[in-house]
Amino acid sequence: MSPRTLAALALAAAQLYAAGLAPQATARAASTAGALHELRERLPEDEVLYFLLPDRFENGDPANDRGGLAGGRLQTGFDPTDKGFFHGGDLKGVLQHLDYIQGLGATAIWLGPVFRNQPVQGAPGHESAGYHGYWITDFTHVDPHFGSDDDLKALVDAAHARGMKLYMDIVANHTADVIRYRECPRNDCAYRSIADYPYTRRGGVGGAPINEGFRGDADGSAANYARLARPDWAYTPWVPAGLEHAKVPDWLNDPIWYHNRGDSTFAGESSTYGDFSGLDDLMTENPRVVQGFIDIYGDWIDRLGIDGYRIDTARHVNPEFWQAFVPAMQARAAARGIPNFHIFGEVAGDADTAAPYAQHTRVDRLPAVLDFAFRNSAVEALAGVQGTDVLARLYAGDALYEGGPAAARRLPTFLSNHDDGRLAFLLRHADPKLDDKQLLARVELGHALLLALRGVPTLYAGDEQGFVGLGRDQDARQDQFASQVARYNGQHLLGTRATTATASFATEHPLYQLVAELAKLRVAEPALRRGTQLVRASGPKPGLFAVSRFDPATGRELLLAFNTGTTPVHAQVQVNVDSRRFLALHGPCPAAASAPGSAAIELPPLGFAICAAAP
Ligand SMILES: [Ca+2]
Ligand SMILES: [Ca+2]
Ligand SMILES: [Ca+2]
């Protein structure tokens, strides 16, 4: 019996079970309570994540498309023909497609940020909208473009009732761009350093004394920060008329809680103290700011009973903030009956090895970071610009994470995202000669790596429908409901004749089918979720990459073999001497070991196999 048949039978049994209970309200309530109990017990590494931006997923309520605002697109932010504006997707739309998401094998949703945003930002002629959710003004309510707080509660409850978790996407580094500086009418202030513009002088070392007695951020006490009275050490911040109370909670409207040093160059000191393209950079060293965000995000845990937080721009916040914030969120969740609340930070980077990311699990004490090292290594291996040893080096670095390889199993791994582009785009960019069929084969192999290797597989909505994209950022944020963006709709999708001009929720799409098969296999096999991983074969050229993963309870070996090359692989791969026979869970597996401790692996170009060993 193929794993796909097994998974289908299991799903059918679950549906029959649910149908049988449906008429009986008490039984249904018991079933819902059971689903909640079961999901609360699951560990972060047990999940398969599905990441979506609500604006781009499904429009469940056209009445909220303009967010309750009047006027044109520069007032409402709504223009479904422009890739930089709101398109109409919302929380009711996500609710409508929970079957689709669960059918894909996802067990948890990472929802892009849904807090109320400044609808439109940018210099005249360069405006775009807060459809992505990262320009927050009100941290305590859902943006009306996405629906209401009650819609979010309904979505969380519906996900929980079917055993799925929901992770929210949060920001503590910055708010929307509301604060301006008198010195820069075009809102393009260069960064001014602490050495050149100390906190205790007005506008530079020769300026008038201000904030007398402030000892700088080396002293994190409330008493020290109480001496910080004037925010004009580097620039003269001001808030435009009408926006004096744009931010909620109201304390956020005072410039004293911000760095006010101009735009980050993303290097040196400015990486944590500078404004991210004008976004107001919070003074996250200040204990008032720390407590303010503990209150804000603790409250969402209390209100909704959500299952985790993805932290945006985590690397641009000082480590001491996370050292206080993370344990506070974990304690809040534990008190709410959520023992396995997951927290992972976005530490973006180009490196394909662990060190630049792992330091944030040791210094900042973030429990996990998004695994950019996996993404970069996988793209290099799949593009053929590196041998499979890039993957071996990646996993050797698991020792660097706080908690070592066990902690590495909790890193959300991914191939595509909304900022850095989709896998299919990156592979086509690396080799523009690849045709759709060749590209699809590599994207399929990529998803096999994602779903079978260590880490928490994180699917980016639309990849399972063959979305490619024409670049990064807005060009990687195609609509899954019928799009009106000509640039999106002009592109071929992989594995289908459809384009994004029609809705993309086809469960028969080959990528949807493959992901569903492998995600369900992962859920069924503890070795793929919680098992240790041992690299068995890698090399300096494209070709064989093999690992073994071991069931944490029984020690049973699963041999995983991948061919990143375009010629067949014939190789002997080391296995445990007790692994004498093999059952194919996917792809071609040998029936038996060739000799104790060695199995013959045969893979077609870009093929892969998952083989379960038996004595
Ligand atoms: Ca809508
Ligand atoms: Ca600003
Ligand atoms: Ca910052």
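Structure shown above.
Because the structure is a prediction, the values reported are computed rather than measured.

Undergrad: Hey, could you run me through the overall build of the protein chain in this one?
TA: In terms of regular secondary structure, the protein chain is built from 19 helices and 21 strands. By the compact-globule yardstick of 25 Å for 615 residues, the protein chain fits well, its C-alpha radius of gyration being 25 Å. In terms of overall dimensions, the protein chain has a C-alpha envelope of 80 × 50 × 50 Å along the principal axes. The buried share of the protein chain, taken over its 615 residues, is 58%. For the protein chain, restricting intrachain contacts to residue pairs at least 6 apart in sequence, the fraction spanning at least 24 positions comes to 71%. When the accessible surface of the protein chain is summed, it comes to about 23100 Å², and 55% of that surface belongs to carbon and sulfur atoms. Of note, the protein chain has its 56 positive side-chain charges centred 4 Å away from the centre of its 71 negative side-chain charges.

Undergrad: Where do I start with the pairing of strand 2 (residues 108-111) in this structure?
TA: A regular strand places its side chains on the two faces of the sheet in alternate fashion. Side chains Ala 108 and Trp 110 of strand 2 all project onto a buried face; the interleaved residues Ile 109 and Leu 111 project onto the opposite face, where all are buried too. Pairing geometry for strand 1 (residues 49-52) and strand 2, over four bridges, is parallel. Residue pairing in the sheet places Leu 49 in a bridge with Ala 108 of strand 2. In this structure, strand 2 lies alongside strand 7 (residues 165-170), joined through four bridges in parallel fashion. Paired with Leu 111 across the strands is Met 168, a residue of strand 7.

Undergrad: What is the right way to read the coordination of the calcium ion (ligand 3) from this model?
TA: The expected angle between donors at a tetrahedral four-coordinate metal is 109.5 degrees. At an octahedral six-coordinate metal it is 90 or 180 degrees. Of the protein atoms, only Asn 173 (OD1), Thr 272 (O), Asp 281 (OD), Asp 281 (OD) and His 316 (O) coordinate the calcium ion (ligand 3), at distances of 2.3 to 2.6 Å. Positions of the donor residues of the calcium ion (ligand 3) along the chain correspond to the pattern N-x98-T-x8-D-x34-H. On the criterion of sequence distance, the pair formed by Thr 272 in helix 8 (residues 270-273) and His 316 in the loop between strand 10 (308-311) and helix 10 (319-335) is long-range, its members being 44 residues apart.

Undergrad: What am I meant to see in the side chain of Arg 375 here?
TA: Among the structural elements, Arg 375 can be located in helix 12 (residues 372-383). One buried charged residue, Arg 375, forms no salt bridge at all, with the nearest opposite charge on Asp 420 at 4.1 Å. Side-chain polar atoms of Arg 375 contact the side chain of Asn 376, separated by 2.9 Å. Apart from the residues within four sequence positions on either side, Arg 375 is in contact with Phe 414, Leu 415, Asp 420, Gly 421 and Leu 426.

Undergrad: Mind showing me how you'd approach the coordination of the calcium ion (ligand 1) here?
TA: In the first shell of the calcium ion (ligand 1), the protein supplies Asn 59 (OD1), Asp 61 (O), Asn 64 (OD1), Asp 65 (OD), Gly 88 (O) and Asp 90 (OD), at 2.2 to 2.6 Å from the metal. Mapping the donors of the calcium ion (ligand 1) onto the primary sequence gives the spacing N-x1-D-x2-N-D-x22-G-x1-D. Of the two residues, Asn 64 is situated in the loop between strand 1 and helix 3 (73-76) and Asp 90 in the loop between helix 3 and helix 4 (91-96); the sequence distance between them amounts to 26 residues. A relative accessible area of 0% means that Asp 90 is categorised as buried.

Undergrad: Got a minute to help me understand a negative patch on the surface in this structure?
TA: A cluster of acidic residues, Asp 196, Asp 217, Glu 269 and Glu 320, forms a negative patch at the surface. By the secondary structure assignment, Glu 320 is in helix 10. Note on Glu 320: relative accessible area 48%, which makes it partly exposed.

Undergrad: When you look at the environment of Gly 204 in this model, what are you seeing that I'm missing?
TA: Position of Gly 204 among the secondary structure elements: in the loop between strand 8 (180-181) and helix 7 (222-225). The class of Gly 204 is buried, set by a relative accessible area of 7%. Sequence-wise, Gly 204 and Glu 444 are 240 residues apart; in three dimensions their C-alpha atoms are separated by 56 Å. If we ignore the near neighbours within four places in the chain, the residues touching Gly 204 are Asp 196, Tyr 197, Pro 198 and Trp 233.

Undergrad: I would appreciate a short explanation of the state of the cysteines in the present structure.
TA: When the sulfur atoms of two cysteines share a covalent bond, that bond is a disulfide. Under the defined criterion, the tally for this structure stands at two disulfides. Covalently, Cys 184 is tied to Cys 189 through a disulfide, its sulfur atoms 1.5 Å apart. Given an S-S torsion of about 90 degrees, the disulfide between Cys 184 and Cys 189 has right-handed geometry. Here Cys 184 matches Cys 189 in class, with each residue buried. Cys 589 shares a disulfide with Cys 611; S-S distance 2.1 Å. Across the disulfide from Cys 589 to Cys 611, rotation about the S-S bond amounts to roughly -90 degrees, and the bridge is consequently left-handed. Residue Cys 589 is located in the loop between strand 19 (581-586) and strand 20 (598-603), and its partner Cys 611 is located in strand 21 (residues 608-614); the two are separated by 22 residues in the primary sequence. When the cysteines of the protein chain that form disulfides are numbered from the N-terminus onward, they connect as 1-2, 3-4.

The rules behind each value
- Residues numbered from 1 in each chain as written.
- Chains lettered and ligands numbered in written order.
- Predicted model: local features only at pLDDT ≥ 70, side-chain atom pairs only at ≥ 80, totals over all residues.
- Heavy atoms only, no water.
- Helix = DSSP H or I, 4+ residues; strand = E, 2+ residues; numbered from the N terminus.
- Rg over C-alpha atoms; globule rule 2.2 N^0.38 Å.
- Buried < 20%, exposed > 50% of the residue type's maximum accessible area, 1.4 Å probe, protein only.
- Contact = heavy atoms within 4.5 Å.
- Areas by Shrake-Rupley, 256 points an atom, 1.4 Å probe, with all protein chains shown as cover.
- Lys, Arg positive; Asp, Glu negative; His and termini not counted.
- Charge placed at Lys NZ, Arg CZ, Asp CG, Glu CD.
- Pairing = 2+ DSSP bridges.
- Donors = N, O, S within 2.8 Å, 3.2 Å for Na, K, Ca; no water.
- Salt bridge = Lys/Arg side-chain N within 4 Å of Asp/Glu carboxyl O.
- Polar contact = N/O pair within 3.5 Å; in protein donor to acceptor, adjacent residues only side chain to side chain.
- Patch = residues over 30% accessible without salt bridge, like charges linked within 9 Å, V, L, I, M, F, W, Y side chains within 5 Å.
- Disulfide = S-S within 2.5 Å.

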